[in-house]
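# Architecture and fold: a report
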Amino acid sequence: MEFIGILITAGIVYFLYKKGVIKNIRFPVIKVGFVTNHLKNKQLRIRYKKFNGISNHIFVVGTNQNVHFDYDVVVEEGSLELTFRQRRDVVFHKEFYHSEKGSFSFTSSRKNCMLLVTGKHTKGCCHVELDRADEEIAN
């Protein structure tokens, strides 16, 4: 009896997802061979054989600091989306369909930042690295 309730709930969620009412769910969530290394709040390395879903990672950058962000994304299939944000403010957003290296810089407005890594039936790896200036910027 409990199984039927779970099945009905899953069916409703899937229907709402397909209609576009629910947008932030990657359905079904798959993390095969998913390995994460978050090193000293400066680097993040993720590798996966199959990834469909969202992985959140917090970085402490300090307020009013220049921050340089390097990324190296390897996409063997599917796509990978990186969204770097400070609260509701999106600092960087890009979807990768092919392997790519790049970087961007910004001045932090908050102490904490979040990197959302969204896999869309993807295979590959991702390496990001943050470099913060030691001196705070005068207002």
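Note that the coordinates shown come from a computational prediction; the quantities given were computed from them, not determined experimentally.

Definitions and limits used
Residues numbered from 1 in each chain as written. Predicted model: local features only at pLDDT ≥ 70, side-chain atom pairs only at ≥ 80, totals over all residues. Heavy atoms only, no water. Core = buried A, V, L, I, M, F, W, Y, C linked by side-chain atoms within 4.5 Å. Buried < 20%, exposed > 50% of the residue type's maximum accessible area, 1.4 Å probe, protein only. Helix = DSSP H or I, 4+ residues; strand = E, 2+ residues; numbered from the N terminus. Contact = heavy atoms within 4.5 Å. Patch = residues over 30% accessible without salt bridge, like charges linked within 9 Å, V, L, I, M, F, W, Y side chains within 5 Å. Areas by Shrake-Rupley, 256 points an atom, 1.4 Å probe, with all protein chains shown as cover. Salt bridge = Lys/Arg side-chain N within 4 Å of Asp/Glu carboxyl O. Disulfide = S-S within 2.5 Å.

## A closer look at the nonpolar core
Counting residues in each nonpolar core, the largest one holds 24 residues, and the members touching the most others are Leu80, Leu82, Phe84, Leu115 and Val128. Of all the elements, strand β4 (residues 66-86) adds the most residues to this core, at eight residues. Discounting residues that sit within four places of it in the chain, Leu115 has contacts with Leu44, Ser55, Asn56, His57, Phe59, Phe69, Leu82, Thr83, Phe84 and Val128.

## Some points on a nonpolar patch on the surface
Taken together, the side chains of Phe3, Ile4, Leu7, Ile8 and Ile12 define a hydrophobic patch exposed on the protein surface, amounting to about 530 Å² of accessible area. Here Phe3 lies in helix α1 (residues 2-19).

## With respect to the state of the cysteines
All told, the structure shown has zero disulfides when counted by the stated rule. Unpaired in terms of disulfides, Cys125 finds its nearest cysteine sulfur in Cys126, a separation of 7.6 Å. According to the relative accessible area criterion, Cys125 is partly exposed, its value standing at 28%. What makes Cys126 buried here is its relative accessible area of 2%.

## Here we look at the pattern of salt bridges
Applying the stated criterion across every chain, the model contains five salt bridges. Ionic pairing is found between Lys123 and Glu76, a salt bridge with its closest N-O pair at 3.7 Å. Note that Lys123 is positioned in strand β7 (residues 112-132) and Glu76 in strand β4, a separation of 47 residues in sequence. In this structure Lys123 comes out as partly exposed when scored by relative accessible area, which is 32%. Among the salt bridges present, the one from Glu95 reaches Lys120, with a minimum N-O distance of 3.4 Å. Residue Glu95 is located in strand β5 (residues 89-96), and its partner Lys120 is located in strand β7; the two are separated by 25 residues in the primary sequence. Salt bridges sharing common partners tie together Glu81, Glu95 and Lys120.

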